[in-house]
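Coordinates in review
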Amino acid sequence: MQRYNPKDIEPKWQKIWDSEGTYTADLKSDKPKYIAMSMFNYPSGAGIHIGHAMNYTISDVKARFKRQQGYESYHPVGWDAFGLPAENYAIKAGVSPQESMATIIPDYHKQYKAMGWSNDWEKEISTHLPEYYKWSQWIFVQMHKHGLAYQDSRMQWFCEQCQTVLANEQVIDGKCWRHDGPDDPLVQKKEVKQWFFKITDYADELLDAIDDLDWSESVKLAQKNWIGRSEGAEISWQVCDQEGRTERASFETFTTRKDTLPGVMFIVIAPESPLLDDLTTAEHKAEVNKYREESALLGEVERQENKTKTGVFTGKYAKNPFNDQLVPIYVASYVLGGYGTGVVMGMPGHDLRDREFALQHKLPVVLTTAVAKEYEDLNSLDVWTGAGKQVNSGQGFDGLSNKEAGDKIFDQVHKAGQAKPKVNYKMRDWSVSRQRYWGAPIPIIDCPKCGAVLVPEKDLPVILPELDDYAPSGDGRSALARAKDWLTVECPKCGGPAERETDTLDTYIDSSWYMYRYFDPRNLHEIFDKQLVQKWEPIDFYNGADHATAHLLYARFIARFFKKLGLVKEAEPFKQFLFNGKVTASDGRMFSKSKGNGVDPLEIIAQGYGADALRTYMMFAAPLELWTKWDPQGVPGTHRWLSRVWNLVNEYIDQPSADVPQETQAEINRALHAMIKKMTEGLEHNRYNTAIAATMTATNDFYKLKTKHFGKSEVWQKALEGLVACIAPLAPHMSDELWHLLGHSASVHHDSWPKHDEKYLIQDKVTIAVQVNGKLRGEVQVPTGADEDTVVKSAKANEKVASHLKDQTIRKTIYVPGKLVNFVV
RNA sequence: GGGCGAGUGGCGGAAUUGGUAUACGCGCACGACUCAAAAUCGUGUUCCUUACGGAUUGUGGGUUCAAGUCCCACCUCGCCCACCA
């Protein structure tokens, strides 16, 4: 008998699957459809790591399970090829990113195949190819045409040394990621003109649909918080001088605590607010301007670490629309310009930040909600933000609950035309401009006469030209600013001389619609065939360990936009999403090349354990949502189990035929069907670890049963086929080998999933636990379906139970059918 | 600071949602095979106790015939967001 040797059988089957197109999905098939996929890969050149191995195996197992169940199952593959790391790699290595992708991606092909993933390679996509990014640009054009794309100037991080704009994630501890030495300066904010997608138009829709999603709860919550809807009121304030004479200027503030309006002691405006000048007197101008400049230079990190509530007085006042009280207006950096109106009413009685500010600037504090004793010291930093009785607000308000008082206060101010209901969101519009080379050029032509003009659809794609130097141009624009030939064009509107936009599209655009392109990857005439996509959408199963907000929110946004365009029918692109855990080193830290604590999946395969054992271990170690620590003993352990299965089947093949008595047959069938049941339910509900445990239990059972009667027989044949089929999603290579050994000529990977039958699980006897006062005192065997009297009688007859019941009066007997009896004495 | 989640053997983790706690795997120990080792097969393995027996799901309390599971308070750890008015 041959020993289990993955090194032989794995490459053998990979070749066969490849040449037979085992995993090619027929998108026009009449079978029920299923698509399982993981977030596609960013090809960095480092090859796959254990995190990839984890992610892609999860969806691969799912796709295989469904394929075996008879679905037309599609497990697509693609590459999120645009982006900064590839560009920086190209700058360093002196090759074009196009060239480096051309060598990196084929390398990944080998690695994916070595993992035994059932990808459909015919339909592979990559976002950096013109055939793909043409449609990313097309989306921009459609957004623009529907009024959902606009241009605006916003503050952005800027590195003086690189002379370029930085993305948030390129700012590390307040410094540029490439200039983070002790002598390097902090990054600064600079105003940059950029394109935005109006995702905020969809804020409510995106929020409301979250509850119904079959997604990991943590992601649903993260999205809710990210959208950050909050309901409140917008209050109008009249600006006054110090004598209370009204001036022309006015402004609004947003609040969720209408009841605190009587307790407003001051107004605070964000330094970046355009209103600031109007709210500043001539004599305070110099001081305010100085403060504004200082806070603009302040790094975000400094602002976070140093939460001191700095600020200066602007010299002006505002009149409280509720009680006409005059309150001073301050400028302070703790107020965010981008949220609400950028102006805040300071209610130091019930807001911690306002309280800190008031104490620091010696401003009075008044409570409007009666609070518990320990909060009465107005000089402490404790703040009561909870509910209570209204106080200090005048007749008709005091004594009400603060909620009721708030509504009444709002009504009064509302009638005076000084307040209205308002909903605010934390979510901002999606900035889609990147001042970088390696992305899809934004299809815009800047004409000195006509302004920003869309590239006509017939001229798409705007091809990204190859350059000699990919480093940013130095003036805040991408390397494309140096591509003079490419840059200069005629304006599509007036025909005059114009220049192309040098920004490229955020790569999140590429990844927000790729799932649809999987169904029609080579279409040159339209983004995809609507009918095909509508047959296959939504994605049945999607998983990943990152991007809880950005990517998944953008994809939902684009899906809604596509629905509006009539391209898709479903507003939600992903029916089910599993936010799986990551694998860390045994010390709990992240694996990383620089720490030298990496685990290389390909190395594990090469050591002789094989992809099947690696895959099985990763799926078995813990529930999929949990973060797991890498256990170096784990893969050898699953390899041992696979060997046991291998040996069992091979031993069977060599046996002569045998008569298996009914009783043993029943035991074999019970073990088999219990396994099928648990495995089917486990894979269906993403509880892989316990499902795998059930197949191990069945293996152990079969080992015990084979010592009784073993040999060629229908019952053993079916049992081993069932075992092999159930293992196939996890260990596809070994399973196909064993499946063929068991006499099949077709692959195990199609239409082979066994069905369990409850009738085999019924036993003629059941074990009943017997408790006395809730403590386990014995067990009795009774016939299945025995009535209560019979069970209680035999429970009392049990020796140990009887000794505990001796000289006791049974006050109560609890009987749980088929489970236990509890005597209360 | 806010939100979410989790604390079960030496370790990763099970427990049909209130009904026999510790499935399955790792590790460890012992045995078989072997001149020997590896591999394989088998047995055992929560803790205390020679035993009888007792204790046990982070800690303390509660509800219940019965609590890992439900309720209250506390402790510890992890993750995400973080001056969002």
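You'll find the structure just up there.
1. Points about the overall build of chain A
Helix and strand counts for chain A come out as 24 helices and 32 strands. On the principal axes, the C-alpha backbone points of chain A span a range of 105 × 85 × 50 Å. Sequence separation of at least 24 residues holds for 72% of the intrachain contacts in chain A that already meet a minimum separation of 6. Of the roughly 37,400 Å² of accessible surface on chain A, a fraction of 49% belongs to carbon and sulfur atoms. Averaged over its 99 positive side-chain charges, chain A has a centre that lies 3 Å from the centre of its 112 negative ones.

2. Quick word on the nonpolar core
In this structure, Tyr-514, Phe-562, Met-619, Trp-630, Phe-702 and Trp-716 are the most contacted members of the largest nonpolar core, which totals 175 residues. With 10 residues, the top contributor of residues to this core is helix H16 (residues 550-565). Setting aside residues no more than four positions away along its own chain, Tyr-514 makes contact with Met-37, Ser-38, Met-39, Phe-40, Ile-125, Tyr-132, Tyr-542 and His-551. Counting 40 residues, the second largest nonpolar core, distinct from the first, contains Ile-267, Ile-329, Val-343 and Phe-410.

3. Some words on the protein's contact with RNA strand B
Close contacts around RNA strand B come from 48 residues, with Tyr-339, Arg-353, Lys-426, Pro-623 and Lys-819 the closest. When atoms of RNA strand B within 4 Å of the protein are sorted by moiety, sugar and phosphate together comprise 61%. In the model, a phosphate oxygen of RNA strand B is placed 3.0 Å from a nitrogen or oxygen of the Arg-640 side chain. Separating a base oxygen of RNA strand B from a side-chain N or O atom of Lys-819 is a distance of 2.5 Å. Of all the secondary structure elements, the ones that give two or more residues to the surface near RNA strand B are strand S12 (246-255), helix H18 (634-653), helix H20 (688-706), strand S29 (765-772), strand S30 (775-783), strand S31 (812-816) and strand S32 (820-824). Looking at the surface near RNA strand B residue by residue, the classes come out as 22 nonpolar, 12 polar and 14 charged.

4. Some details on the sheet that holds strand S2 (residues 72-74)
With parallel pairing, the five strands of this open sheet are ordered in space as S2-S1-S25-S26-S10. In this open sheet, the two strands that pair with only one neighbour each are S2 and strand S10 (214-215). When strand S1 (residues 33-38) meets strand S25 (residues 541-544), the two strands line up parallel, connected through three bridges. Across the sheet, Ser-38 pairs through a bridge with Asn-543, a residue of S25.

5. Details of the side chain of Ser-478
Relative to the helices and strands, Ser-478 is located in the loop between strand S21 (451-454) and helix H12 (484-487). Polar contacts involving the side chain of Ser-478 include one to the main-chain carbonyl oxygen of Thr-502, which spans 2.6 Å. The residues contacting Ser-478, other than those within four sequence positions of it, are Gln-435, Arg-436, Tyr-437, Pro-472, Ser-473 and Thr-502.

6. Focus: the packing of aromatic side chains
Counted according to the given criterion, the structure contains 50 aromatic pairs. For the pair Tyr-56 and Tyr-112, a centre-to-centre distance of 5.4 Å together with 40° between the ring planes defines the contact as tilted. With Tyr-56 in helix H2 (residues 50-68) and Tyr-112 in helix H4 (residues 97-114), this residue pair connects regions lying 56 residues apart in the sequence. Comparing Tyr-56 with Tyr-112 shows no difference in burial state: the two are buried. When the ring of Tyr-202 is compared with that of Phe-557, the centres are 5.2 Å apart and the planes differ by 70°; the resulting orientation is edge-to-face. Of this pair, Tyr-202 sits in the loop between strand S9 (188-197) and helix H6 (203-208) while Phe-557 is found in helix H16, placing the two residues 355 residues apart along the sequence. An aromatic cluster of at least three residues, connected via ring pairs, comprises Phe-140, Trp-195, Phe-197, Tyr-202, Trp-430, Tyr-508, Tyr-554 and Phe-557. Cation over ring: Lys-113 sits above Trp-121, and NZ or CZ is 5.2 Å from the ring centre. The lysine or arginine in question, Arg-644, covers the ring of Tyr-703, its NZ or CZ lying 4.1 Å from the ring centre.

7. Observations regarding helix H17 (residues 601-620)
Across its 20 residues, H17 extends only 16 Å between first and last C-alpha, which sits more than 12% below the 28 Å expected from 1.5 Å per residue. If you look at H17, its biggest bend is around 125°, right at Gly-608. Among the 20 residues of H17, 14 are classified as buried, and the element is accordingly described as predominantly covered. Where H17 begins, one side-chain oxygen reaches toward the backbone nitrogen of Leu-602, 3.0 Å away; that side chain belongs to Asp-600.

8. Some details on the side chain of Thr-695
As for its position among the elements, Thr-695 is in helix H20. In contact with Thr-695, other than residues within four places in its own chain, are Trp-641, Met-675, Met-679, Leu-723 and Cys-726.

9. Topic: the sheet that holds S29
Strand order in this open sheet of four strands is S30-S29-S32-S31, and the pairing throughout is mixed. Edge positions in the open sheet fall to S30 and S31, since each of these has one partner strand only. The sheet shows a mean angle of 20° between the axes of neighbouring strands, taken without regard to direction. Here eight bridges tie S29 to S30, and the two strands are oriented antiparallel to one another. Directly across from Ile-768, in S30, lies its bridge partner Val-780. Taken strand by strand, helix H23 (residues 788-797) contacts S29, S30, S31 and S32, and its axis lies near 65° from that of S32.

10. Side note on the pattern of salt bridges
The final tally for this structure, using the stated rule, is 39 salt bridges. Note that Asp-120 is salt-bridged to Lys-123, the shortest N-O span being 2.4 Å. Accessibility classification places Asp-120 together with Lys-123 in one group, the buried group. The partner of Lys-582 in a salt bridge is Asp-546, and the shortest N-O contact between them spans 2.9 Å. Of this pair, Lys-582 sits in the loop between strand S26 (576-579) and strand S27 (583-584) while Asp-546 sits in the loop between S25 and H16, and the two are 36 residues apart along the sequence. One connected set of salt bridges, linked through shared partners, spans Glu-205, Arg-556, Arg-560 and Glu-572.

11. Concerning unusual backbone geometry
Cis geometry marks the peptide bond from Leu-460 to Pro-461; its omega dihedral reads 0°. Residues Glu-537 and Pro-538 are joined by a peptide bond in cis, for which omega reads -10°. Position of Pro-538 among the secondary structure elements: in the loop between helix H15 (530-536) and S25. Non-glycine residue Lys-362 carries a positive phi angle of around 55°. Accessibility expressed as a relative area gives 74% for Lys-362, which makes it exposed. Residue Asn-686 is not a glycine yet carries a positive backbone phi of 60°.

Analysis parameters
Residues numbered from 1 in each chain as written. Chains lettered and ligands numbered in written order. Predicted model: local features only at pLDDT ≥ 70, side-chain atom pairs only at ≥ 80, totals over all residues. Heavy atoms only, no water. Helix = DSSP H or I, 4+ residues; strand = E, 2+ residues; numbered from the N terminus. Contact = heavy atoms within 4.5 Å. Areas by Shrake-Rupley, 256 points an atom, 1.4 Å probe, with all protein chains shown as cover. Lys, Arg positive; Asp, Glu negative; His and termini not counted. Charge placed at Lys NZ, Arg CZ, Asp CG, Glu CD. Core = buried A, V, L, I, M, F, W, Y, C linked by side-chain atoms within 4.5 Å. Buried < 20%, exposed > 50% of the residue type's maximum accessible area, 1.4 Å probe, protein only. Near = heavy atom within 4 Å. Polar contact = N/O pair within 3.5 Å; in protein donor to acceptor, adjacent residues only side chain to side chain. Nonpolar A, V, L, I, M, F, W, Y, C, P; charged D, E, K, R; others polar. Pairing = 2+ DSSP bridges. Phe/Tyr/Trp six-rings, centres within 6.5 Å; stacked < 30°, edge-to-face > 60°. Lys NZ or Arg CZ within 6 Å of the ring centre and 35° of its normal. Expected span 1.5 Å × (residues − 1). Bend = angle between axes of the 7 residues up to and from the residue. Axes fitted to C-alpha atoms, helices over the stretch in contact; angles between N-to-C directions. Salt bridge = Lys/Arg side-chain N within 4 Å of Asp/Glu carboxyl O.

The values reported here are purely geometric and, on their own, carry no functional implication.
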